Amino acid sequence: MHALRPLLRKSLFNLFAAALACTALLAPRTANAEALLLIEADSGKVLQAENATIPWYPASVTKIMTAYVTLKAVKDGRLTLDTLLTVSPTAASQSPSKMGFRPGTQLTVDNALKMMMVKSANDMAVVLAEGVGGSIDGFSAMMNDTAARLGMTQTSYVNPNGLPADGQITSARDLGILARSFLRDLPEYEYFVHIPAIRFGKRVTGNFNKLIGRYPGADGFKTGFICASGYNLVASATRNGRRLIAVVLGANSGTARAVKAAQLLERGFSQDNLTWLRPSLGTVDRLVPVDASPPNLREDMCGGHRKRPASDDDDALIATNGGTSGSASATGGEAQVSFFTAGLQPPLMKASELMATAPAAAEPVLVYTGPTRTGTALIAAVAADADQQATPKPRGKKSRVARKPDAADKPKDAGTKTAAKPDAKSGAKGDTKSDTKTAAKPAGARHAAAKPDAAAKPAASGEPAAKPAKPKAATKPAAKPANNS
């Protein structure tokens, strides 16, 4: 009987492992299925993997690679953190989230990196790409060469910011490899991945990674969002000298991805007595890639069921909206979230427990335009940026973009008063209403044509019949929230 015990125990272990594998293979996947990965930073040991080798759209977690390539160039002496870069028209034209600087604005590599990593500024990613690689294409080639060298076999890059593009693909596996490589190869620049907030002029922007300042030991990395990818997060935390990296792809809100990452990290840090029941998953580089197309979550993330446009800066508490679909573990909600096999571990924290508290107090890091400054020169530079912010009409995130998006926020009010105002303030949201009102009142259209200040930009020479078409020229801003990265 004693001789049979080891054999019986081994048989039970094999049955348990087989049951886990079958559950993973046979469990139905919803349209907004997620990819999850938890690894040890030092060893690369995989503690949990679910859909970790399925291709995925990276969105703004792309900027981890942009920062890696840039900082590797700094470390190799090809440029410095004080090197001045110039905002090109291409950089200025990027979709939000962005800083919104005008072409010709100059700033240092250091400030561009901070703005990119904290605010997820798409224009700053292009500034860095052009400064390091000469062009977006040149820098993308550098990104792809680096990915190949690091063993990121499922990754390809087309741009440095993660905005939607054919061929911009990665996986949770590859992102885990990249995060480990960043910590291993660039320890002196690790600061860039866990800045809690930046202050530009009068505006303070907190890190979109909600674990920073909330989850004990959180110390990196980066969020991402486009409609096709859902809400992505690469996060790291250190406890008792042990550092873990969690990857969450395809969560349905900014809060959900933070909760899921916190749950993964907490499971990894809590050493239970049942670890021997779990089959070894090896190291992250040994995970076998899946040959498949990345899931497209556009309808789930940006469909008409959403009450407001989705974006990477998602401050809505899941406890308030209850999620949009799926179970409590998929949406967060007030239900307790549990990973691994049910019953093996007690459930951990609730979404509300993680998000109800404000982040720990931290002084925002000053960022500014122009060359590197210190002392009174720095104070003057910050004041100058603040004064420049006050020049256009401040409209939150759009205050430093071109003036047309500012005007686009007003058409519904302006369109009901006079026929002349829609011509001056037409925008993405009020195209149809403005067109019908100007067409219905030809006298008003003639009055608008008599005001060259209000109609200076259109190509039409002032013919009344051409006026109704003018508001349609500014339809582009309406599409930006859906692809906010």
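Residues numbered from 1 in each chain as written. Predicted model: local features only at pLDDT ≥ 70, side-chain atom pairs only at ≥ 80, totals over all residues. Heavy atoms only, no water.

Asks: Can you walk me through the overall build of the protein in this structure?
Replies: Within the protein, the regular secondary structure consists of 18 helices and 10 strands. A burial count over the protein gives 50% of its 485 residues as buried. Counting contacts in the protein only where the partners sit at least 6 residues apart, residues at least 24 apart contribute 67% of the total. Of the roughly 21900 Å² that the protein leaves accessible, carbon and sulfur atoms contribute 57%. (Helix = DSSP H or I, 4+ residues; strand = E, 2+ residues; numbered from the N terminus. Buried < 20%, exposed > 50% of the residue type's maximum accessible area, 1.4 Å probe, protein only. Contact = heavy atoms within 4.5 Å. Areas by Shrake-Rupley, 256 points an atom, 1.4 Å probe, with all protein chains shown as cover.)

Asks: Can you help me understand the sheet that holds strand β9 (residues 242–251) in this one?
Replies: Backbone-to-backbone hydrogen bonds pair the strands of a sheet. The strands run either parallel or antiparallel. Strands sit in the order β2-β1-β9-β8-β7 across an open sheet of five strands; the sheet is antiparallel. Two strands in the sheet have a free side with no partner beyond their single neighbour: β2 (46–50) and β7 (218–226). For this sheet, the mean inter-axis angle between neighbouring strands, taken without regard to orientation, is 10°. Of the strand pairs in this sheet, strand β1 (residues 35–40) and β2 are connected by four bridges, and their pairing is antiparallel. By the bridge assignment for β2, L38 is matched with Q48. (Pairing = 2+ DSSP bridges. Axes fitted to C-alpha atoms, helices over the stretch in contact; angles between N-to-C directions.)

Asks: Where do I start with the pairing of β7 in this structure?
Replies: For a regular strand, side-chain orientation follows a simple rule: the groups alternate between the two sheet faces. Burial analysis of β7 places nine of its nine residues in the buried class, which makes it a mostly covered element. As defined by bridge partners, β7 adjoins strand β8 (residues 230–239) across eight bridges and the pair is classed as antiparallel. Among the inter-strand pairings, T223 is bridged to a residue of β8, identified as L233. Connecting β7 to the next strand, β8, in antiparallel fashion are three residues.

Asks: Sorry, what's going on with the sheet that holds strand β6 (residues 203–206) here?
Replies: An order of β6-β5-β10 is seen for the three strands of this open sheet, with the pairing classed as mixed. Looking along the sheet, the strands with just one partner apiece sit at the ends: β6 and β10 (365–367). Each neighbouring strand pair of the sheet contributes to a mean axis angle of 30°, computed without reference to strand direction. By the bridge criterion, four bridges tie strand β5 (residues 197–200) to β6 in an arrangement that is antiparallel. In the sheet register, F200 faces β6, and the bridge partner there is R203. Of the strands in this sheet, β5, β6 and β10 touch helix α4 (residues 109–119), which is tilted by about 125° from β5. Taken strand by strand, helix α13 (residues 375–390) contacts β5, β6 and β10, and its axis lies near 70° from that of β10.

Asks: How should I be thinking about the packing of helix α2 (residues 62–75) against helix α6 (residues 136–150) in this particular structure?
Replies: Contact pair α2 / α6: the axes reach a minimum separation of 10 Å and the direction vectors enclose 95°. In terms of axis orientation, α2 runs roughly perpendicular to α6. Counting all contacts with α2, which are made through T62, M65, T66, Y68, V69, T70 and K72, the residues of α6 involved are F139, M142, M143, T146, A147, R149 and L150. Residues that form the contact of α2 with α6 fall into these classes: eight nonpolar, four polar and two charged. (Parallel < 35°, antiparallel > 145°, perpendicular 65-115°, else oblique. Nonpolar A, V, L, I, M, F, W, Y, C, P; charged D, E, K, R; others polar.)

Asks: What should I look at first to understand the packing of aromatic side chains in this one?
Replies: Pairs of aromatic rings are described using the distance from one ring centre to the other and the angle between the two planes. Counting across every chain of the model gives five aromatic pairs. An aromatic cluster of three or more residues is present, and its members are Y68, F182 and F221. (Phe/Tyr/Trp six-rings, centres within 6.5 Å; stacked < 30°, edge-to-face > 60°.)

Asks: Is there a simple way to think about helix α8 (residues 254–269) in this case?
Replies: Side chains three or four residues apart in an α-helix point the same way, a direct result of the helix having 3.6 residues per turn. Spanning 16 residues, α8 covers 23 Å between terminal C-alpha atoms, matching the ideal 22 Å at 1.5 Å per step. Burial analysis of α8 places 16 of its 16 residues in the buried class, the great majority of the element. Taking the backbone nitrogen of T255 as reference, a side-chain oxygen 3.3 Å away marks S253 as the first, capping residue of α8. (Expected span 1.5 Å × (residues − 1). Polar contact = N/O pair within 3.5 Å; in protein donor to acceptor, adjacent residues only side chain to side chain.)

Asks: What should I look at first to understand helix α5 (residues 122–133) in this one?
Replies: Given a rise of 1.5 Å per residue, 12 residues ought to cover 16 Å, and the 16 Å separating the end C-alpha atoms of α5 matches this to within 8%. Most of α5 sits inside the fold, with 10 of its 12 residues counted as buried. What α5 keeps buried is the set N122, D123, M124, A125, V126, V127, L128, A129, E130 and V132. The inward-facing, buried residues of α5 contact α2, β3 (84–86), α3 (89–92), β4 (106–108), α4 and α6. The positive-phi residue at the C-terminal boundary of α5 is G134, with phi of around 90°.

Asks: How do you make sense of the packing of α2 against helix α7 (residues 172–185) when you look at a structure like this?
Replies: Helix-helix packing is characterised by the crossing angle of the two axes and by the distance between the axes. Where α2 contacts α7, the axes come no closer than 11 Å and their chain directions differ by 25°. For the element pair α2 / α7, the angle class is roughly parallel. The handedness of the crossing between α2 and α7 comes out as left-handed. Where α2 abuts α7, its residues I64, M65, A67, Y68, L71 and K75 lie against L178, S181, F182 and D185. Of the residues that constitute the contact of α2 with α7, the class distribution is seven nonpolar, one polar and two charged. (Left-handed = near helix turned anticlockwise from the far one by under 90°.)

Asks: Just to check I follow, could you spell out the nonpolar core for this structure?
Replies: One recurring pattern in soluble globular proteins is that nonpolar side chains are buried together. By size, the foremost hydrophobic cluster in this structure holds 94 residues, and its most contacted members are M65 and M124. Discounting chain neighbours no more than four positions away, the residues touching M124 are V87, M99, F101, L107, A112, M115 and M116. (Core = buried A, V, L, I, M, F, W, Y, C linked by side-chain atoms within 4.5 Å.)

Asks: I keep staring at the pairing of β8 and nothing clicks. Help me out?
Replies: Of all 10 residues that make up β8, eight are buried, and the element is covered over most of its length. Bridge count for β8 against β9 is eight bridges, and the pairing is antiparallel. For A235, the partnering residue across the bridge sits in β9 and is A246. The hairpin turn running from β8 into β9, its antiparallel successor, is two residues long, and N240 in that turn takes a positive phi close to 55°.

Asks: Can you help me understand the side chain of S229 in this one?
Replies: With respect to the helices and strands, S229 occurs in the loop between β7 and β8. Overall, the relative accessible area of 0% leaves S229 in the buried class. Non-local contacts of S229, meaning those with residues more than four positions away in its chain, are made with W56, Y57, A59, G250 and L297.

Asks: I would appreciate a short explanation of the pattern of salt bridges in the present structure.
Replies: As a working rule, side chains carrying opposite charge can pair if their charged atoms are close by. Scanning the entire structure with this criterion turns up 11 salt bridges. The residue D76 makes a salt bridge to R78 at a minimum N-O spacing of 3.7 Å. Classification of D76 by relative accessible area gives partly exposed; the value is 44%. Close ionic contact of D185 with R184 constitutes a salt bridge, the shortest N to O distance being 2.8 Å. Exposure remark for R184: the relative accessible area of 51% places this residue in the exposed category. Through salt bridges that share partners, K72, D76 and R78 make up one connected network. (Salt bridge = Lys/Arg side-chain N within 4 Å of Asp/Glu carboxyl O.)

Purely spatial values, then, with no claim about function.
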